[in-house]
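Read off the chains here:
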Amino acid sequence: MRTIALRQALREAMEEEMRRDPSVFLMGEEVAQYNGAYKVSQGMLDEFGPKRVIDTPISELGFAAIGVGAAMNNTRPIIEFMTWNFAELAIDQVVNHAAKMVSMTGGQFSSPMVFRGPNGSAGQLAAQHSQAFENWYANVPGLKVISTCDPYDAKGLLKSAIRDNDPVVFMESESLYGDLGEVPEEEYLIPIGKAAVKRVGTDVTIVSYNKMMKVAMGVADELAKENISAEVIDLRTIRPLDWHTIVESVKKTNRLVIVEEQWPFGSVGSEIAYRIQKEAFDYLDAPVRRITTADANMHYAPNLVAAYLPNVERTLKLVKEVLYMNK
Amino acid sequence: MQTPFDKKTYLYWYELMMLMRRFEEKAGQLYGMQKIRGFCHLYIGQEAVAAGIMSATKDTDNMITAYRDHGLAIAKGISADACMAELYGKATGCTKGKGGSMHFFSKEKRFFGGHGIVGAQIGLGAGIAFAEQYQGTDNATICMFGDGAARQGMLHEAFNMAVLWKLPVIFICENNGYAMGTSVERTSKVLDIYRLADAYDMPGDSVDGMSCEEVHKGIERAVRRAREGGGPTFLEIKTYRYRGHSMSDPAKYRSKEELEEYKEKDPITNVLKTIMDNNFATQEEIDAINEKVRVEVEASVKFAEESPYPDDSELYKDIYMDENYPFIVD
């Protein structure tokens, strides 16, 4: 199978869906002439022209609203935010409008659209450019939330998101755009709302998503050296949460650790912990534990970045606590 | 007084404005009786704006507005029955009892709501117009907001992109003098709100909102420009609401004299005078219209009273288009 970068997988998803459905268009800052701030939309202006690949001024609130209005009126916009940090300016349109459209119109209008862009930290970018918002949007009825880490999932899920009849928040990662992965030439879709077991194991379940999957897989590698078998689940979709897959895994491993780039208060892991204690209480041999970012803003200095984000070393220590190996 | 508008137009304006006014008077009364709950913002005094827009547009043109939406929804063709039932929160309402006073919608009538976040619908209106342009139609979009919303950042972002992309939208600021309790003078040094269009090279104009004729003329010009690919227009339509901001507002921030001054310019009285001066109708014909409106409003109350509330099972419906969405229920 061929190997392509994540940014190309995302681009192929958009290109294929735009060829398939003339009502789909891409709008955002630098998406057209500049070929995308992170080159995700490279070449799309050439193929689809300025009518369907649309550069905007730096007006996140305004172009998000134009997207929602256009989605109410028989089109399927893809609204790219240069980062989800900037999308904070547009959260009124995502939460107060896109997410409410079916409800407050009694089902007459909807907003079939995708809001997408990179989420979370990406090196030493300091406090305003390093936030991860999955849990914010996952709290909102009316939205679906996807957060992916590899090219295969990203392509299949973005295609499903574009075809979905509800608004989808689609979260990527700046630091993963160049990552390579196997993606088939032929078309495929991945259903929204299904987690994937990325590594089968028997001793402990590690749940993660987006770039923290690298930490989860790294921990599993380290554990394997000590003959401990970790099962790693990639959530892929945050809302709706596929907790059934986690429960099935915990029934087998009896232990659960969540690794996420998320502030701790009300994190995605908090919701998972609630669900698992309720649905699999009798199967748990240890408390559900999670490792999140620090409950702080991310600073610039490299040592403070390292201290802020979950890493393999600290996650490994936590997993060993759950395995009662640290005593 | 001679008029360039014909008898049919005047009688349409008169009947429509009477229906809006009587509906709103009834809604206010029912709110006092606690039959209608939530927020309730009445359109009384502003009827000429809706009437003039309607006579200058076609059915396939779109309309979007803020939460003071009853009159405009009726003007766009949503029945008094569906509107009153919605105020009652009944399943037969225009949004099935899910939107209430602030969220009237009709896809069929191209009425895009009914929005409760001040100024946010300015961008939605630009987006609705964007979709018309994208799909190659000649439909115009009427995008309405109040003088309070004119101070939101959204106005500037939407104006800028609408001009840049020549979107077929007519932005209308219904300036009724007060953003809730704050007069226009207390919100900005720019008191001629239509001049905000200048910053974005958009044609802008001020229109007398107590006159159906003037509203019609302003809208007609703007709609023509939109259909011909000339892009957006901004009209500041100066109007006045006779009642408070909402039913809970006693409107102590303005004088009785000011209110009386505007009531002197009442659009319904004016239109009726023109009808009588030009012999467009006899008193008997006017009485017949009044009676028809009275019956229609009374019937809407009966319809609303007798309609059922939405079934409890509707709680999880119309959240997603996806009918199989797995909600968290415990």
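Since this is a predicted model, take the numbers as computed values, not measurements. (Residues numbered from 1 in each chain as written. Chains lettered and ligands numbered in written order. Predicted model: local features only at pLDDT ≥ 70, side-chain atom pairs only at ≥ 80, totals over all residues. Heavy atoms only, no water.)

## Observations regarding helix α6 (residues 153-164) of chain B
Between its first and last C-alpha atoms α6 of chain B spans 17 Å; for twelve residues at 1.5 Å apiece the expected length is 16 Å, and the two agree. Those residues of α6 of chain B that fall on the buried side of the exposure criterion are Met-154, Leu-155, Ala-158, Phe-159, Met-161 and Ala-162 of chain B. Where α6 of chain B is buried, its residues contact α3 (60-72) and α4 (91-97) of chain A together with α5 (120-134), β3 (141-146), β4 (169-175) and β8 (233-238) of chain B. Looking one or two residues past α6 of chain B, Lys-166 of chain B carries a phi angle of roughly 50°, positive in sign. (Helix = DSSP H or I, 4+ residues; strand = E, 2+ residues; numbered from the N terminus. Expected span 1.5 Å × (residues − 1). Buried < 20%, exposed > 50% of the residue type's maximum accessible area, 1.4 Å probe, protein only. Contact = heavy atoms within 4.5 Å.)

## Re unusual backbone geometry
Cis geometry is adopted by the peptide bond preceding Pro-240 of chain A, which originates at Arg-239 of chain A and carries an omega value of 0°. Mapped onto the fold, Pro-240 of chain A is located in the loop between β12 (237-239) and α9 (243-253). The omega torsion of the bond from Gly-113 of chain B to Gly-114 of chain B falls at 15°, within 30 degrees of zero and hence cis. Within the secondary structure, Gly-114 of chain B is located in strand β2 (residues 111-114). Here Ala-126 of chain A, not a glycine, exhibits a phi torsion of approximately 65°, which is positive. The residue Ala-126 of chain A is located in the loop between β5 (114-118) and α6 (134-138) in this model. Under the relative-accessibility criterion, Ala-126 of chain A is labelled partly exposed at 26%.

## What about a negative patch on the surface?
Residues and elements named next belong to chain B. Taken together, the side chains of Glu-257, Glu-260, Glu-261 and Glu-264 present a region of like negative charge at the surface. Examined against the element boundaries, Glu-257 turns out to sit in helix α8 (residues 256-264). Under the relative-accessibility criterion, Glu-257 is labelled exposed at 59%. (Patch = residues over 30% accessible without salt bridge, like charges linked within 9 Å, V, L, I, M, F, W, Y side chains within 5 Å. Areas by Shrake-Rupley, 256 points an atom, 1.4 Å probe, with all protein chains shown as cover. Salt bridge = Lys/Arg side-chain N within 4 Å of Asp/Glu carboxyl O. Lys, Arg positive; Asp, Glu negative; His and termini not counted. Charge placed at Lys NZ, Arg CZ, Asp CG, Glu CD.)

## Brief notes about a nonpolar patch on the surface
Residues and elements named next belong to chain B. A cluster of nonpolar side chains, namely Leu-315, Tyr-316 and Val-329, defines an oily patch on the protein surface of about 330 Å² accessible area. Its location among the elements puts Val-329 in the segment after α10 (283-306). The class for Val-329 is exposed, based on a relative accessible area of 61%.

## Observations regarding the interface of chain A and chain B
Contact with chain A, which involves 52 residues of that partner, is made by 41 residues of chain B. Summed over both sides, the interface of chain A with chain B buries roughly 3,800 Å², with 64% coming from carbon and sulfur. On the chain A side of the contact with chain B, Ile-66, Asn-73 and Met-104 of chain A bury the most area, a combined 17% of that side's loss. Scanning the region where chain A abuts chain B turns up three salt bridges. Linking chain A to chain B there are 25 residue pairs in polar contact (both at pLDDT 80 or more). (Buried area = accessible area lost by both parts, 1.4 Å probe. Polar contact = N/O pair within 3.5 Å; in protein donor to acceptor, adjacent residues only side chain to side chain.)

## Some details on the nonpolar core
Tyr-137 of chain A together with Phe-171 of chain B are the most contacted members of the largest nonpolar core, which totals 85 residues. When residues in this core are grouped by element, the largest group, nine residues, is from α3 of chain A. Looking at which domains feed residues into this core, each of domain 1 (3-182) and domain 2 (196-322) of chain A gives three or more. Contact partners of Tyr-137 of chain A, with chain neighbours within four places excluded, come to Trp-84, Ala-87, Glu-88, Ile-91, Val-94, Val-95, Leu-143, Val-145, Val-169, Met-171 and Arg-239 of chain A. Core analysis: the second largest hydrophobic core is formed by 71 residues, Met-54, Ile-78, Ala-140 and Ile-237 of chain B among them. (Core = buried A, V, L, I, M, F, W, Y, C linked by side-chain atoms within 4.5 Å. Domains from an automatic or database assignment.)

## Points about the packing of aromatic side chains
Scanning the entire structure with this criterion turns up 27 aromatic pairs over all chains. Ring geometry for Phe-5 of chain B against Tyr-10 of chain B: centres 6.5 Å apart, planes inclined by 80°, an arrangement best described as edge-to-face. Classification of Phe-5 of chain B as buried rests on a relative accessible area of 12%. Following the ring pairs from residue to residue traces out a cluster consisting of Phe-63, Phe-81, Trp-84, Phe-115 and Tyr-137 of chain A. Its guanidinium or amino end placed over the ring of Trp-243 of chain A, Arg-275 of chain A lies 5.3 Å from that ring's centre, counting from NZ or CZ. (Phe/Tyr/Trp six-rings, centres within 6.5 Å; stacked < 30°, edge-to-face > 60°. Lys NZ or Arg CZ within 6 Å of the ring centre and 35° of its normal.)

## Thoughts on the UniProt feature "domain: Transketolase-like pyrimidine-binding" (unreviewed entry) in chain A
The sites that UniProt annotates as "domain: Transketolase-like pyrimidine-binding" (unreviewed entry) are residues 4-179 of chain A. With 35% helix and 16% strand, the stretch residues 4-179 of chain A has end C-alpha atoms that lie 8 Å from each other. (UniProt positions renumbered as here; feature names shortened; annotations may be inferred.)

## A short note on the UniProt feature "domain: Dehydrogenase E1 component" (unreviewed entry) in chain B
As annotated by UniProt and renumbered to match this structure, "domain: Dehydrogenase E1 component" (unreviewed entry) occupies residues 17-311 of chain B. Across residues 17-311 of chain B one finds 43% helix and 12% strand; the C-alpha atoms that close the span lie 34 Å apart.

## Overview of the pairing of strand β7 (residues 168-172) of chain A
Residues and elements named next belong to chain A. Along β7, five of the five residues are buried, which leaves the element largely enclosed by surrounding structure. The alternating pattern of β7 places Val-168, Phe-170 and Glu-172 and Val-169 and Met-171 on opposite faces, both of which are buried. With five bridges connecting them, β5 and β7 associate as parallel partners. Bridge assignment links Val-114 to a residue of β7, and that residue is Val-168. In terms of strand pairing, strand β6 (residues 144-147) meets β7 through four bridges, oriented parallel. By the bridge assignment for β7, Val-145 is matched with Val-169. (Pairing = 2+ DSSP bridges.)

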